[in-house]
Amino acid sequence: MTVKPLFSHGLDVTELPGISGWLDRMLDVAFGQTLVEPNMLVIDMEKFASESESTDNWFTVDEKPPIAHAKVEIMEGADMKPSDPNGLSDPYVKGQLGPYRFQTKIHKKTLNPKWLEQFKIPITSWESSNLLSLQVRDKDHIFDDPLG
């Protein structure tokens, strides 16, 4: 995804240091779960860029209904490896099924987390790859460590 000036003058904000990554993360959080293939955000650039008073209907979300749902339950972890200097970890589970991403809550300072979380994941096509990927990670300030 790129962000460019609408007119010939102005600054491409993605060229400012740190802005590009921040903008990508913000847009991923805002649209990531809604705009999973085959869903699309359609923006009418004429209405968006016009100077008229009416700012209604400049975007629509073209959402395809799912043909099925998968229920993923993340229960608990036991005897996990410590990753922090205090001998503990701050574990969470990050997952993806097809284009849909999900994440559990972070449990602070434990090696035996009990998440007990469910995710209802839409399946929009049987033709696309519906591979389930799970990662257990340790939350850190800068880079999260893989735990398994």
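The model shown is predicted, which means the values in this text are computed figures rather than measured ones.

(A) How the structure looks around the side chain of Arg137. Among the secondary structure elements, Arg137 is positioned in strand β7 (residues 132–138). We note that Arg137 is buried and unpaired, the nearest opposite charge coming from Asp144 at a distance of 4.8 Å. Ignoring anything within four residues of it in the chain, the contact list for Arg137 reads Asp90, Pro91, Tyr92, Lys94, Asp144, Asp145, Pro146 and Leu147.

(B) Structural detail: the pairing of strand β4 (residues 91–97). By the criterion of burial, β4 is predominantly enclosed, with five of the seven residues buried. When β4 meets β7, the two strands line up antiparallel, connected through seven bridges. By the bridge assignment, Gln96 is partnered in β7 with Ser133. As defined by bridge partners, β4 adjoins strand β5 (residues 100–103) across four bridges and the pair is classed as antiparallel. When the sheet's bridge partners are listed, Leu97 is paired in β5 with Tyr100.

(C) Highlighting the nonpolar core. Core analysis: the largest hydrophobic core is formed by 10 residues, namely Val72, Ile74, Val93, Leu97, Tyr100, Phe102, Trp115, Phe119, Ile121 and Ile123. Looking at this core, the elements that each hand over two or more residues are β3 (68–76), β4, β5 and β6 (114–123). The dominant element in this core, judged by the number of residues it contributes, is β6, at four residues.

(D) Looking closely at the packing of aromatic side chains. Following the criterion strictly, the structure yields one aromatic pair and no others. With a centroid separation of 4.7 Å and 35° between ring planes, the pair formed by Phe102 and Phe119 is classed as tilted. Residue Phe102 is found in strand β5, and its partner Phe119 is found in strand β6; the two are separated by 17 residues along the sequence. As far as burial versus exposure is concerned, Phe102 and Phe119 are alike and both buried.

Definitions and limits used
Residues numbered from 1 in each chain as written. Predicted model: local features only at pLDDT ≥ 70, side-chain atom pairs only at ≥ 80, totals over all residues. Heavy atoms only, no water. Helix = DSSP H or I, 4+ residues; strand = E, 2+ residues; numbered from the N terminus. Buried < 20%, exposed > 50% of the residue type's maximum accessible area, 1.4 Å probe, protein only. Lys, Arg positive; Asp, Glu negative; His and termini not counted. Salt bridge = Lys/Arg side-chain N within 4 Å of Asp/Glu carboxyl O. Contact = heavy atoms within 4.5 Å. Pairing = 2+ DSSP bridges. Core = buried A, V, L, I, M, F, W, Y, C linked by side-chain atoms within 4.5 Å. Phe/Tyr/Trp six-rings, centres within 6.5 Å; stacked < 30°, edge-to-face > 60°.

Any link to function would need more than the numbers given here.
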